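Architecture and fold: a report
This is what each chain is made of:
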Amino acid sequence: MSDKVIYFDNNDTTPLVEPVLQAMIPYFTVHYGNPASLHQLGLEAEEAVSEARAAIAGYLGASPEELIFTGSATEANNLAILGAAGMASPRKRHLVTSKIEHSAVLNPMKRLEKSGFKVTYLEVDREGFVDPDDLRKALTDETLLVSLAHGNHEIGTLQDLQALGAVCRERGVLFHSDAPQSFSKVPLDVGQVPVDLVSINAHKLHGPKGIGALYVRRGVKLQKIMEGAPQESNLRPGTENVPGAVGFAEAARIAFQDMTADMTRVSALRDRLIDRLLEIPHTHVNGPRGERRLATNADITFKYIEGEAILMHLSMRGVCVSSGSACSSKSLTPSNVLTAIGLKHEDAHGSIRFSFSKLNTFEEVDEAAEKVKEVVELLRSMTAFVPQIHSETEGEGEVFYKKKKEEF
Amino acid sequence: MAIKYTPEVIEHFTHPQNVGEIEGADASATEGSPACGDMVTFTLKVNPENKIIEDVRFRSYGCASNIATASMATVLAKGKTTDEVKAFHPKVVAERLGGLPAIKMHCSVLAVNGLKAAVKQWEIAHGLAQEEEVVCNEQTIRKLLKGVINPETGRSIVAMNMVNYIKVEGGRVYVEIALMGTDELYAENIREEVTEKLESMKCLQEVIVRILERDKFEMKAENGPRPEGEQPGGGEA
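Side note on the overall build of chain A
A tally of regular secondary structure across chain A gives 15 helices and 13 strands. The C-alpha atoms of chain A give 22 Å as radius of gyration, which agrees with the globular expectation for 408 residues (22 Å, within 12%). The C-alpha extent of chain A, read off along each of the three principal axes, is 70 × 55 × 35 Å. For chain A, the proportion of its 408 residues judged to be buried stands at 59%.

What about the pattern of salt bridges?
Residues and elements named next belong to chain A. Scanning all chains against the criterion turns up 39 salt bridges over all chains. Here Lys4 and Glu367 are joined by a salt bridge, their closest N and O atoms 3.5 Å apart. Pair noted here: Lys4 is in the segment before strand 1 (6-7) and Glu367 is in helix 14 (residues 362-380), with a separation of 363 residues, a long-range link. For Glu367, a relative accessible area of 32% gives the class partly exposed. When the shortest N-O distance is used, the salt bridge between Glu279 and Arg276 registers 3.9 Å. A single salt-bridge network, built from bridges that share partners, covers Arg272, Arg276, Glu279, Asp366, Glu370 and Lys373.

Brief notes about the interface of chain B and chain A
Across the boundary between the two partners, chain B contributes 35 residues, which contact 27 residues of chain A. Summing both partners gives a buried area of about 2,500 Å² for chain B against chain A, and 64% of it is carried by carbon and sulfur. Linking A:Glu308 and B:Lys104 is a salt bridge whose minimum nitrogen-to-oxygen distance equals 3.2 Å. Connecting chain B to chain A are twelve residue pairs in polar contact (both at pLDDT 80 or more). Of all the secondary-structure elements, those providing two or more residues to the side of chain B that touches chain A are helix 1 (7-14), strand 2 (38-47), strand 3 (52-61), helix 2 (64-77) and helix 7 (187-199) of chain B. Sort the elements by how many residues they give to the side of chain B that touches chain A and strand 3 of chain B lands first, with four residues. Classifying every residue of the side of chain B that touches chain A gives 20 nonpolar, eight polar and seven charged.

Quick notes on the sheet that holds strand 2 of chain B
All names here are of chain B. Strand order in the open sheet formed by three strands is 1-2-3, with antiparallel pairing between adjacent strands. The open sheet terminates on both sides in strands that have one partner only, identified here as strand 1 (27-33) and strand 3. Strand after strand, the sheet turns through a mean of 15 degrees between neighbouring axes, direction not considered. Pairing between strand 2 and strand 3: nine bridges, direction antiparallel. By the bridge assignment for strand 3, Val40 is matched with Ser60. This element, helix 2, spans strand 2 and strand 3 of the sheet and lies at about 175 degrees to strand 3. Packing against the sheet, helix 5 (residues 105-125) makes contact with strand 1, strand 2 and strand 3, and its axis sits at approximately 40 degrees to strand 2.

Overview of the state of the cysteines
What makes a disulfide is a covalent bond joining the sulfur atoms belonging to two cysteines. All names here are of chain B. If you walk through the whole model with that rule in mind, you get one disulfide over all chains. Put simply, Cys136 and Cys203 are joined by a disulfide, and their sulfur atoms are 1.7 Å apart. Its S-S torsion of about 65 degrees marks the bond between Cys136 and Cys203 as right-handed, since a negative value means left-handed. Taken together, the residues Cys136 in the loop between helix 5 and helix 6 (138-145) and Cys203 in the loop between helix 7 and strand 6 (206-212) connect sequence positions 67 residues apart.

Structural notes on the side chain of A:Glu66
All names here are of chain A. Structurally, Glu66 can be placed in the loop between helix 3 (40-59) and strand 2 (67-70). No salt bridge forms around the buried Glu66; measuring N to O, its nearest opposite-charge neighbour Arg218 is 4.8 Å away. Polar side-chain contacts of Glu66 include one of 2.9 Å to the backbone nitrogen of Arg218. Not counting residues within four places of it along the chain, the set of residues in contact with Glu66 comprises Leu214, Tyr215, Val216, Arg217 and Arg218.

Here's the deal with the domain arrangement of chain B
All names here are of chain B. Parsing chain B into structural domains produces domain 1 (7-125) and domain 2 (138-223). Computed over C-alpha atoms, the centres of domain 1 and domain 2 are 26 Å apart. Between domain 1 and domain 2, the contact holds seven residues from the first and ten residues from the second. Between domain 1 and domain 2 lies a buried interface of about 650 Å² when both sides are counted; carbon and sulfur atoms form 63% of it. It is Cys36, Ala102 and Ile103 in domain 1 that bury the most area against domain 2; as a group they hold 52% of the surface buried on that side. Connecting domain 1 to domain 2 are zero salt bridges. Between domain 1 and domain 2 we count two residue pairs in polar contact (both at pLDDT 80 or more) in total. The greatest single-element share of the side of domain 1 that touches domain 2, amounting to three residues, is contributed by helix 5. Here the residues of the side of domain 1 that touches domain 2 are counted per class, giving five nonpolar, two polar and no charged.

Here we look at the environment of B:Ala25
By the secondary structure assignment, B:Ala25 is in the loop between helix 1 and strand 1. Discounting residues that sit within four places of it in the chain, B:Ala25 has contacts with B:Thr43 and B:Leu44.

Re a nonpolar patch on the surface
Residues and elements named next belong to chain A. Taken together, the side chains of Leu16, Leu21 and Ile25 make up a nonpolar region of the molecular surface, amounting to roughly 200 Å² of accessible area. Secondary-structure assignment places Leu21 in helix 1 (residues 18-24). Assessed through its relative accessible area of 32%, Leu21 is described here as partly exposed.

A word on helix 4 (residues 73-86) of chain A
All names here are of chain A. Look at helix 4: 19 Å from first C-alpha to last across 14 residues, which is about the 20 Å you get at 1.5 Å a residue. Judged by how many residues are buried, helix 4 sits mostly within the fold: twelve of 14 residues are covered. For helix 4, the secondary structure elements touched by its buried residues are strand 2, helix 5 (103-114), strand 5 (143-147), strand 6 (174-178), strand 7 (197-201) and strand 8 (212-216). One side-chain oxygen of the residue at the start of helix 4 lies 3.5 Å from the amide nitrogen of Thr74, identifying that residue as Ser72.

Digging into helix 6 of chain B
Residue and element names in this part refer to chain B. Listed in full, the buried residues belonging to helix 6 are Ile141, Arg142 and Leu145. The arc that holds the buried residues of helix 6, viewed along the axis, is 100 degrees, so those residues lie on one side. Of the exposed residues in helix 6, the ones pointing more than 90 degrees away from its buried face are Gln139 and Lys143. Against strand 4 (163-169), strand 5 (172-178) and helix 7 lie the buried residues of helix 6. Capping of helix 6 at its N-terminal end is provided by Asn137; its side-chain oxygen lies 3.0 Å from the backbone amide nitrogen of Gln139.

Remarks on the packing of helix 2 of chain B against helix 5 of chain B
Residues and elements named next belong to chain B. Their axes nearest at 8 Å, the elements helix 2 and helix 5 cross at an angle of 40 degrees. In terms of orientation, helix 2 lies oblique with respect to helix 5. Handedness of the crossing formed by helix 2 with helix 5: right-handed. Here Ser65, Asn66, Thr69, Ala70, Ala73 and Ala77 of helix 2 lie close against helix 5, whose contacting residues are Cys107, Ser108, Leu110, Ala111 and Leu115. Residues that form the contact of helix 2 with helix 5 fall into these classes: seven nonpolar, four polar and no charged.

Conventions adopted
- Residues numbered from 1 in each chain as written.
- Chains lettered and ligands numbered in written order.
- Predicted model: local features only at pLDDT ≥ 70, side-chain atom pairs only at ≥ 80, totals over all residues.
- Heavy atoms only, no water.
- Helix = DSSP H or I, 4+ residues; strand = E, 2+ residues; numbered from the N terminus.
- Rg over C-alpha atoms; globule rule 2.2 N^0.38 Å.
- Buried < 20%, exposed > 50% of the residue type's maximum accessible area, 1.4 Å probe, protein only.
- Salt bridge = Lys/Arg side-chain N within 4 Å of Asp/Glu carboxyl O.
- Contact = heavy atoms within 4.5 Å.
- Buried area = accessible area lost by both parts, 1.4 Å probe.
- Polar contact = N/O pair within 3.5 Å; in protein donor to acceptor, adjacent residues only side chain to side chain.
- Nonpolar A, V, L, I, M, F, W, Y, C, P; charged D, E, K, R; others polar.
- Pairing = 2+ DSSP bridges.
- Axes fitted to C-alpha atoms, helices over the stretch in contact; angles between N-to-C directions.
- Disulfide = S-S within 2.5 Å.
- Lys, Arg positive; Asp, Glu negative; His and termini not counted.
- Domains from an automatic or database assignment.
- Patch = residues over 30% accessible without salt bridge, like charges linked within 9 Å, V, L, I, M, F, W, Y side chains within 5 Å.
- Areas by Shrake-Rupley, 256 points an atom, 1.4 Å probe, with all protein chains shown as cover.
- Expected span 1.5 Å × (residues − 1).
- Arc of directions from axis to C-beta.
- Parallel < 35°, antiparallel > 145°, perpendicular 65-115°, else oblique.
- Left-handed = near helix turned anticlockwise from the far one by under 90°.

In structure tokens:
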């Protein structure tokens, strides 16, 4: 690894920024009380958590009592999905999600399928969008809940929650959105958007790991998924992560301060990198372009080479990215997101996600683009796809999808 | 997932030996498939007098350990006779690289099988072997499935006794794979690998692979009954 790291894996996690750390430290060392305690230290801790709750709820346009702190966005998703299912009447045994969700949504769904729920996995189009009409057709009188992520973690697709939520509202179906990628990147006001449950976390916005939250619209009933003491409106037992909550609120304060300006600049970084990388022959961008994409996300397929090899060569050159390849996943199957948007398996294997934060610079983008070009050239010089690599067809003209556009 | 490779793997990944192809090679073979993200092509130059492999090169489409194992396989093969290469075991490639993570053991199998396939091509061209007409029966299928590696243990699914049941009828095969405690996470990968291997057999037109989540010898109710006509009797059940 070279000395100076170019960190382009911010959809995975982000560095904690100094003011957040400084805000947290006293809650480890000075105000270390347990909010459940009745003495002075307990009271201080309780106040800190309440303030953090009110602040974060405020950024969603929610009331403080509608925000439940959890250990992660994954836990928030589990609480939303398993919790809603736990309170469902025996007539409501159907759930709807999409094929491009994070495993923290898909796996709770699969667990429910094993206990008798029916789950519909909606198709998406080439850019990863769920069609509100498809959603409408999927809903039945038995549908309990719909879960669709706001910003996709791999290809950056920003779903139209307003339209999708409206469909759920028409049928009186609960609507959950997994939103850690989009929180503090694009506005989400639960006063405007008809969404009932929203999962977020702190470590995607330069806050600490180990804390997330679930927005639960007033009146929505969930069953807790762990047993213990009645913390967090009796929905999430366990001593509150006081420094985590304080850090989460501080990170959100900083992120929302200049959100529009920051994200305009980050999307310019993104577009510059995409444009530079598309100069390489046999490449392709996955997901939409422009405003319907997370500012923080770029995902590129480099044909005829494999993602893990690209990733490792980049890592040795000080550039940190992630890959949709099977070889860099624990299960050895290619990304469900990339195959759902119709990529052929071999193209999913050659896909790399570059993800940005406001701490990144244009200099880093230019330097990384050069290094990517070097690595792609190196790996292609030894590829087993000999005839293809010398073919004339390039870029947009190349066949990247299994299906034709009209078949989506 | 962060995968920790040995310094030897990193060395062969960053400085692979014998990359490319031999012009006017005596034999070549490609193993693996683009869909699996793992493919390697070997070309050979063999001295017909003493059957010594005078030169060997590879081209790769795959991850770091695919490149490293192919590189190591060429290093081991160069200067050896074709008979010696035919006796290669994938474990040796892995050992010479200081070991491979279990999830990457299949790369060493791919590299060694690719090398052996190229040797076979050379033998066929020199009248030392014949193009085998592959017969589809339980035995040949079981032999082929030895090349499918359980990513959790790094061992063959055949050696792990996971092949629960095989039934061949005409051009149709029905295979049951018992997970035998393997994490469900790998079920889809194992199914894909088994399907791909079977579909490569020219004598098969229809391939049905079924994963049993629990122990062998026992069909769980959640799996439903076997398809009509697929009653135990063959295999090990």
